[in-house]
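Secondary and tertiary structure notes
Here are the chains, one letter per residue:
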Amino acid sequence: MQRASFFIVLLFTGTLLAAEPSSPKMTVVFVIDQLSAEYLEKLRPLLKGGIATMWQNGVEYTNAFYDASPPSTAHGHALLTTGTYGALHGIVGNSWRTKDLGLVECDDDSAEQAAVFAPKGALCSYGKSAKNMLVDNLSDQLKLHSYPHARNTVWSLSLKSRAAILMGGKMGSPVWFNNEERQYTSSKAYFKKMPQWITEVNEKLALDRQEKITWKPLYPLCGPMYAFDNASDYLFARVKKPLINSTHDLSTKKAFNRIYGKSPQATADFFTLAKACINANYKEEQNERFILWLNLASLDKVAHSFGPYSKEALDTLYHMDHQMGLFIKEIYKKVPKEDVLFVLTGDHGGQPIPEIINQKGYTAARRYYAPTILENLNKLVEEKYGIKKLVRFFSSSQFFLDMTRLTDLKKNLTKAIMGTMKEHLVSLPGIRKAWTFDELQKTIFEKYDLDSRIKKELYPGRSGHLFYSTDPYTALYGNKKGGVHSTQYAYDTRVPLIFYQAGRFKPRRIHTTRYITQVSPTLAALLNVPRPSAAVARVLPELLP
Ligand SMILES: [Zn+2]
């Protein structure tokens, strides 16, 4: 009776009220490390696996940006999950220097409270956690708003500790790969002891006993899948010999570190871990919500060594696409399609090898070798002011100085020294501007000025002392060969962004500019939890009108 009158009301008003869609039971966020949006534009017709499933059926944003710079794995994952910038979350890079110039990894913590698990119940002498991330992220919100009648389970997995930890926040459950021990692990900041299912995965993978590894390409190497300009060009690669299509020794620590993380096997092993995570932790109860963050790290490692145009990078993406496809099918066996939300994005893009861009005819592309520039800055300051070794470290787009050498100097002299260094930097073709930390922090930028993206990542005591910005396709490199990501430009900051939940969103492509800061507030709204406290952006209007 009640039901009938409800329909009568509907008919009477002439409106069909859509039921409020419930939040997905399972959410899987794929974050491919260094997945520039340019890959999808180039490879779209060639992708046949999970990435293809996502762009064929999902809502795809073709102009999604990280509007902060310099791009890095740590900064990207922190921005993605907190919805804000380094100036607030404090993760200004993968690592930084303290006042006394000591190196801090972004996920460092003390062994007392956050010791990393070693094999056989032992503990490492160092600790890891999200202590250095100064705001809560979406994982924290999901855990803070998890109740007995509506439980949220949050796991974050990666080959890299920083990616797993910054996705997991302080309250999620991160798992990462420890190269030293050749096993997946976590820390006491998250668990009293290593969860049994992780130990079982390590036993199954038996990486500590593996002596050789073979990189088999997914498709015939001579076929169209690899027929791109410079795909076989090893002239500017950090590794002289191809890794693809050959077998490599893994017996030494050095060889293992050099090869395993880049190999397609690492991606396959990673999905073994992801499947085991779901099997061990996903409960089917009505109000359970399971959130799985997956950082696929190999593409970044490969593109740093070989560049984004290489056969190795293409094949890595094909393997990832293939593995993602199998993984999606596996999930659908467990959870009804309409109950699963998949998200695909990258943590940053990547710069094409400048020498190759140059050869193609864009002759303004330049690689500067950062250690040489650092040395030249020091020479200049020593010659002019008699101060030795003022500039100590380079990290993308910034230099760290030994400020104790300037403490007793008059303000004007310090200003003159900084001025001399800035003058030198901007005298180099392709370097446009240079600032001290204070100058950059005080600069009011025009809305169109992409240099404002550098300012958003400033955090006192963590950021460097001397900054610069370059023209597109010019960068300072820590290496004479290979690839990098370090600028505010589109190739480094534009990434794919796709949301796919069967029956919920109409498949379409949106070309309007959107920002990755919008992702965590959007996911919070879709999952019906409060947005991260410091998130700055509005939800994506196409998904939550
Ligand atoms: Zn990288």
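Residues numbered from 1 in each chain as written. Predicted model: local features only at pLDDT ≥ 70, side-chain atom pairs only at ≥ 80, totals over all residues. Heavy atoms only, no water.

Examining the pairing of strand β14 (residues 340–346)
Regular strands place their side chains on alternate faces of the sheet. To keep it simple, the criterion reads: Burial status follows relative accessibility: with a 1.4 Å probe on protein chains alone, a residue under 20% of its type maximum counts as buried, one over 50% as exposed, and anything between as partly exposed. In this text, helices come from DSSP runs of H or I with a minimum length of four residues, and strands from runs of E with a minimum of two, each type numbered from the N-terminal end. A pair of strands is treated as paired once DSSP finds two or more bridges between them.
β14 sits mainly inside the fold: seven of its seven residues count as buried. Residues of β14 alternate between two faces, with Val 340, Phe 342, Leu 344 and Gly 346 on one and Leu 341, Val 343 and Thr 345 on the opposite face, all of them buried. Pairing geometry for strand β1 (residues 26–32) and β14, over seven bridges, is parallel. Following the sheet pairing, Met 26 is matched in β14 by Val 340. Direction of pairing for β14 relative to strand β21 (residues 494–500): antiparallel, over a ladder of four bridges. Paired with Phe 342 across the two strands is Tyr 500, which belongs to β21.

Notes on the coordination of the zinc ion
For clarity, the threshold we go by: Coordination here is defined by N, O and S atoms within 2.8 Å of the metal (3.2 Å for Na, K and Ca), and since water is not considered, a site can look incomplete.
Protein coordination at the zinc ion: the donors are Asp 300 (OD), Asp 300 (OD), His 304 (NE2) and His 485 (NE2), at 2.0 to 2.5 Å from the metal. Within one chain, the residues serving as donors to the zinc ion are arranged as D-x3-H-x180-H. Of this pair, Asp 300 and His 304 both sit in helix α12 (residues 298–306), four residues apart, which is roughly one turn of the helix. Exposure class is identical for Asp 300 and His 304. Each is buried.

Quick look at the confidence of the model for the protein chain
In plain terms, the rule: Every residue is assigned a pLDDT by the predictor, reflecting its confidence on a scale from 0 to 100. Residue contacts follow a heavy-atom distance rule, with two residues in contact if any of their heavy atoms lie within 4.5 Å.
On average, residues of the protein chain score 94 in pLDDT, and 96% of them reach the 70 mark or higher. Here residues 1–18 is modelled with pLDDT under 50, and outside its nearest four sequence neighbours on either side it reaches three contacts, counting other chains as well.

As for the side chain of Arg 44
We count it as follows: Polar contacts, as counted here, are pairs of nitrogen or oxygen atoms within 3.5 Å of one another; within protein the pair requires one atom able to donate a hydrogen and one able to accept it, and residues that are adjacent in sequence qualify only if both atoms are side-chain atoms.
Mapped onto the fold, Arg 44 is located in the loop between α2 (37–43) and α3 (50–57). Using a relative accessible area of 15% as the deciding quantity, one classes Arg 44 as buried. Within polar-contact distance, the side chain of Arg 44 engages the side chain of Glu 60 at 2.7 Å.

A few points about the packing of helix α4 (residues 73–82) against helix α8 (residues 161–168)
If you want to describe how two helices pack, look at the angle between their axes and the distance between the axes. This is how it is decided: Lines are fitted to the C-alpha atoms to define the axes, a helix being fitted only along its stretch in contact, and any angle between axes, read from their N-to-C directions, falls within 0 to 180 degrees. Oblique is the label for every angle not falling under 35 degrees (roughly parallel), over 145 degrees (roughly antiparallel), or within 65 to 115 degrees (roughly perpendicular). Crossings are classed by handedness, with left-handed meaning an anticlockwise turn of the near helix from the far one by less than a right angle and right-handed meaning a clockwise turn. Residue polarity follows a fixed list, in which Ala, Val, Leu, Ile, Met, Phe, Trp, Tyr, Cys and Pro are nonpolar, Asp, Glu, Lys and Arg are charged, and the others, Gly among them, are polar.
Running from N to C, α4 and α8 cross one another at 15 degrees; their axes reach a closest spacing of 8 Å. By the angle between their axes, α4 is roughly parallel relative to α8. Considering only the axes of α4 and α8, their crossing is right-handed. From α4, Thr 73, Ala 74, His 77, Ala 78 and Thr 81 reach across to α8, where they touch Arg 162, Ala 163, Leu 166 and Met 167. Class assignment for the residues of the contact of α4 with α8 results in five nonpolar, three polar and one charged.

Concerning unusual backbone geometry
For the peptide bond that leads from Ser 69 to Pro 70, omega is 5 degrees, which places it in the cis range. Here Pro 70 lies in the loop between β2 (59–65) and α4. A positive phi angle is found at Gln 34, which is not glycine, with a value near 65 degrees. One non-glycine residue, Lys 120, lies in the positive phi region at around 55 degrees. Structurally, Lys 120 is set in the loop between β6 (115–117) and β7 (123–128).

Comments concerning the sheet that holds strand β19 (residues 466–470)
Spatial strand order, β16-β17-β19-β18: four strands in an open sheet with antiparallel pairing. Of all the strands in the sheet, just β16 (391–395) and β18 (431–436) have a single pairing partner and so form its edges. On average, each strand axis in the sheet is inclined to that of its neighbour by 20 degrees, with strand direction left out of account. Lying on the sheet, helix α16 (residues 411–427) is in contact with β16, β17 (398–401), β18 and β19; it crosses β18 at an angle near 165 degrees.

Quick word on the nonpolar core
For the record, the criterion: The nonpolar core is taken to be a set of buried Ala, Val, Leu, Ile, Met, Phe, Trp, Tyr and Cys residues, with the residues joined through side-chain atoms within 4.5 Å.
Membership of the largest hydrophobic core comes to 85 residues, with the highest contact counts inside it found for Phe 30, Ile 32, Leu 292, Leu 294, Phe 327 and Phe 342. Ranked by residue count, the leading element in this core is helix α13 (residues 311–334), at 10 residues. For Ile 32, the residues in contact, after removing those within four places along its chain, are Ile 51, Leu 296, Leu 299, Leu 317, Met 320, Met 324, Leu 344, Thr 345, Gly 346 and Asp 347. Counting residues in each nonpolar core, the second largest holds 32 residues, with Leu 142, Trp 293, Leu 341 and Leu 527 among its members.

Thoughts on the pattern of salt bridges
Let me state the cut-off plainly: Any carboxyl oxygen of Asp or Glu within 4 Å of a side-chain nitrogen of Lys or Arg constitutes a salt bridge here.
Applying the stated rule across the entire model yields 22 salt bridges. Among the salt bridges present, the one from Asp 108 reaches Lys 128, with a minimum N-O distance of 4.0 Å. Of the two residues, Asp 108 is situated in strand β5 (residues 108–109) and Lys 128 in strand β7; the sequence distance between them amounts to 20 residues. Taking relative accessible area as the criterion, Asp 108 reaches 26% and is therefore assigned partly exposed. Assessed through its relative accessible area of 12%, Lys 128 is described here as buried. Arg 209 is the partner of Asp 208 in a salt bridge, and the nearest nitrogen-oxygen pair spans 3.9 Å.

Points about the sheet that holds β7
Within a beta sheet, neighbouring strands are joined by backbone hydrogen bonds and run either parallel or antiparallel to one another. Taken in spatial order, the three strands line up as β5-β7-β6 in an open sheet, and their pairing is antiparallel. Each edge of the open sheet is held by one strand with a lone partner, namely β5 and β6. Relative to β7, β6 runs antiparallel, the two being bridged by two bridges. What sits directly across from Ala 115, in β7, is Gly 127.

What to know about the packing of α3 against α13
The interhelical angle for the contact between α3 and α13, taken along N-to-C directions, is 70 degrees, at an axis separation of 6 Å. Judged by the inter-axis angle, α3 sits roughly perpendicular to α13. On α13, the residues touching Gly 50, Ile 51 and Ala 52 of α3 are Leu 317, Asp 321, Met 324, Gly 325 and Ile 328. Each residue belonging to the contact of α3 with α13 can be placed in one class, and the counts come to five nonpolar, two polar and one charged.

With respect to the domain arrangement of the protein chain
How big an interface is tends to be reported as the loss of accessible area on association of its parts. Condition: Domain boundaries shown here were taken from an automatic or database domain assignment. Buried area is calculated as the accessible area (1.4 Å probe) missing from two parts once they are joined, with the contributions of both summed.
Domain annotation of the protein chain identifies domain 1 (26–353 + 490–526) and domain 2 (358–477). The distance between the C-alpha centroids of domain 1 and domain 2 comes to 31 Å. Summing both partners gives a buried area of about 2,400 Å² for domain 1 against domain 2, and 51% of it is carried by carbon and sulfur. Between domain 1 and domain 2 we count two salt bridges in total. Its salt-bridge partner being Asp 67, residue Lys 456 comes within 3.1 Å of it at the nearest N-O pair. Here domain 1 and domain 2 share 12 residue pairs in polar contact (both at pLDDT 80 or more) between them. Classifying every residue of the side of domain 1 that touches domain 2 by side-chain character gives 16 nonpolar, 10 polar and four charged.

A short note on the packing of aromatic side chains
Operational definition: Each Phe, Tyr or Trp ring (for Trp, its six-membered ring) is paired with any other whose centre lies within 6.5 Å, and the angle between the two planes then decides the class: stacked below 30 degrees, edge-to-face above 60, tilted in between. Ring-over charges, as used throughout, are those where CZ of Arg or NZ of Lys falls within 6 Å of the ring centre and within 35 degrees of the ring normal.
Within the structure shown, the criterion is met by 24 aromatic pairs. Taking 5.3 Å as the distance between ring centres and 75 degrees as the angle between the ring planes, the aromatic pair formed by Trp 155 and Trp 197 counts as edge-to-face. Of the two residues, Trp 155 is situated in strand β8 (residues 152–158) and Trp 197 in helix α9 (residues 196–205); the sequence distance between them amounts to 42 residues. Given a relative accessible area of 6%, Trp 155 falls into the buried group. Relative to Tyr 491, the ring of Tyr 489 lies with its centre 6.2 Å away and its plane at 40 degrees, an arrangement referred to as tilted. The same class applies to Tyr 489 as to Tyr 491, namely buried. An aromatic cluster is defined as three or more aromatic residues linked by ring pairs; in this entry it consists of Phe 30, Phe 270, Phe 271, Phe 327, Tyr 332, Phe 342 and Tyr 500. Between Arg 97 and the ring centre of Phe 393, over which it is positioned, the NZ or CZ distance is 3.4 Å. Its end group placed over the ring of Tyr 459, Arg 462 keeps NZ or CZ at 5.4 Å from the ring centre.

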